[in-house]
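Working through the structure, step by step
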Amino acid sequence: MPSTPSAPHALGPSAPAPGAGAMIARQAIMDDRQAVVGYELFNRSRTQTGHTAASDVLLVFTALSHAGSEELVGRMLIFVNCTHESLAGGHLELVNPDKVVLEIPPLGHVAAQEVQARLPILAGLRARGFHLAFGHQVLESAYAPWLPLADYIKLDMAVLAPDQLAVLVSYAGRHSQARLIAEKIETAQQYDMVSSLGVRLFQGYLFSRPTLVEARLLSPSQASIVQLLNLVRSQAPTSEIEEALKKDAGLAFNLMRLINSAGLGLTREITSFRQAVLLLGLKKLFRWAALLLTVARSGGTPPAVGQTAVVRGRLMELLAREFMSPEQADQAFVIGVFSMLDQMLGMPLEPALSLLHLPDELAAALLRRDNAYGQLLTLAEACESSDDCRFDQAAQSLRLSSQQINLAHLQALAWADQMTQG
């Protein structure tokens, strides 16, 4: 049993001051061997009365796409509190259902009328592979149609008396296949009691307190997102969608971060925007862009760092076309954009790059400059800084003429400028 009980206090850290960024708390759910089986996520950027469908969407999206010094979701199950309104939201199309447990709230005094009405949505989510968790209220007769859908039932130790717990555990064992989680465990006595009843999953301050994670996103311009939405809605060619993604460093980072996140459940790493667009598909791409619009900054002009990253990526892409394959030129663009990720995220480059799960060849170019991609990056930096010595050395090693480089640089500047002009 746990050896370091903690004194109870109000649940979780207090909300951050306005402007502190998206704050997510996570609390471990443990098994009887004290191994972590999952995390429940709490949105600490909203007020306690602000739990809405919109806040649910933002929590899931931020958890999948955040840029921080540690993986928020990882390979564990994530338990996400939902509103019934958010359960029909398109944001769930972006998530690998195998990794997500949707915590379904009770319906209160309207349960008798609403249980049947809500059943098709819950059954549909379960059929798609989502796990469903309910509070102990699901064991009441009014919720009988929902009980077969329960993968987890949470027993609230703060409100249930010992005799109630024994009855509920026995009933759940006879009438459902759900695993039981005793939550809000704060004392060793509570742990001993529920363990003796056969409960094997636990959550509460006795095991771990919620830890706060600042989940940072690069915010693309609203104009860029609207342009992307319009292109996707009109089913524009993949090449046009790819161009729109390349013109905003925030869009570029967030798409690659999402497409390679554990939450999407892919088995291979995606290294170009064309791959990302084709793999995600227009429907999911539209939903993703619509969600991203909720965290976009106002104003249409990218910050100076983002603009420089876009120009750098385009320059490297154009130069790579002189001696590389089209796919390699796409990757050169990715390297150029993400070479300024440390400045965009305010963290060292190596941990910033680890968020993208790039192949070794691309990471080596960014961190050590020890291949052709790295030489292209050195050349692009020399163009920005007017460093003639580095410019000449890189140009010679790549066998590119000054005329080729200068023309490509002008083309890259003009291409990026088209975005700022609308």
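Predicted model, so just to flag it, every value in this text is computed and none were measured.

1. So, the side chain of His136
Checked against the element boundaries, His136 lands in the loop between strand S5 (131-135) and strand S6 (152-156). The exposure class assigned to His136 is buried, which follows from its relative accessible area of 12%. Sequence-distant contacts of His136, defined by excluding residues within four places in its chain, comprise Ile153, Lys154, Leu155, Asp156, Val159, Leu160 and Leu168.

2. A few points about the nonpolar core
Residues Ile241, Leu245, Trp288 and Phe338 are the most contacted members of the largest nonpolar core, which totals 69 residues. If you look at the next biggest cluster of nonpolar residues, it comprises 47 residues, including Leu59, Trp146, Leu168 and Phe202.

3. Concerning unusual backbone geometry
The phi angle at Ser386 is positive, at roughly 55°, despite the residue not being glycine. Inspection of the secondary structure puts Ser386 in the loop between helix H14 (372-385) and helix H15 (388-398). Residue Arg399 is not a glycine yet carries a positive backbone phi of 60°.

4. Structural notes on the confidence of the model for the protein
In the predicted model, the protein carries a mean pLDDT of 80, and 76% of its residues have values of at least 70. Scored below 50 in pLDDT, residues 3-21 makes 32 contacts in the model with residues more than four places away or belonging to other chains. Contacts from residues 297-302, a stretch scored under 50 in pLDDT, to residues over four places away or in other chains number 14 contacts.

5. Examining empty space enclosed by the protein
Within the structure shown, the criterion is met by three cavities of 30 Å³ or more. Roughly 40 Å³ of volume is contained in the largest cavity. Its residues placed into classes, the lining of the largest cavity shows seven nonpolar, two polar and no charged.

6. Regarding the pattern of salt bridges
If you walk through the whole model with that rule in mind, you get 19 salt bridges. Between Glu381 and Arg390 there is a salt bridge, with the nearest N and O atoms lying 3.2 Å from each other. For Arg390, a relative accessible area of 30% gives the class partly exposed. Three or more residues joined by partner-sharing salt bridges are found here, namely Glu242, Lys246, Arg274, Arg314, Glu317, Arg321 and Asp330.

7. Observations regarding the packing of helix H9 (residues 304-320) against H14
Two elements in contact, H9 and H14, have axes separated by 10 Å at closest approach and are oriented at 125°. Relative to H14, the element H9 lies oblique. Handedness of the crossing formed by H9 with H14: right-handed. Facing H9, whose interface residues are Thr308, Arg312, Leu315, Met316, Leu319 and Ala320, H14 presents Tyr373, Leu376, Leu377, Leu379, Ala380, Glu381, Cys383 and Glu384. Taken together, the residues of the contact of H9 with H14 sort by class into ten nonpolar, one polar and three charged.

8. Details of the pairing of strand S7 (residues 179-183)
The buried count for S7 comes to four of five residues, which makes it a mostly enclosed element. As defined by bridge partners, S6 adjoins S7 across five bridges and the pair is classed as parallel. When the sheet's bridge partners are listed, Asp156 is paired in S7 with Glu183. Between S6 and its parallel partner S7, the chain crosses via helix H3 (residues 162-175), and the hand of that crossover is right-handed. Bridging between S7 and strand S8 (residues 201-202) involves two bridges; their strand directions are parallel. Looking at the pairing, Ile181 lines up with Leu201 of S8. In terms of handedness, the path from S7 via helix H4 (residues 188-196) over to S8 forms a crossover that is right-handed.

Basis of the calculations
Residues numbered from 1 in each chain as written. Predicted model: local features only at pLDDT ≥ 70, side-chain atom pairs only at ≥ 80, totals over all residues. Heavy atoms only, no water. Helix = DSSP H or I, 4+ residues; strand = E, 2+ residues; numbered from the N terminus. Buried < 20%, exposed > 50% of the residue type's maximum accessible area, 1.4 Å probe, protein only. Contact = heavy atoms within 4.5 Å. Core = buried A, V, L, I, M, F, W, Y, C linked by side-chain atoms within 4.5 Å. pLDDT = per-residue confidence, 0-100. 1 Å grid on protein atoms, 1.4 Å probe; cavity = no way out; pocket = protein on both sides within 12 Å on 5 of 7 lines; lining within 4 Å. Points joined across faces, edges and corners; volume = space filled by probe spheres on them. Nonpolar A, V, L, I, M, F, W, Y, C, P; charged D, E, K, R; others polar. Salt bridge = Lys/Arg side-chain N within 4 Å of Asp/Glu carboxyl O. Axes fitted to C-alpha atoms, helices over the stretch in contact; angles between N-to-C directions. Parallel < 35°, antiparallel > 145°, perpendicular 65-115°, else oblique. Left-handed = near helix turned anticlockwise from the far one by under 90°. Pairing = 2+ DSSP bridges. Right-handed = clockwise from strand over helix to strand, strands pointing away.

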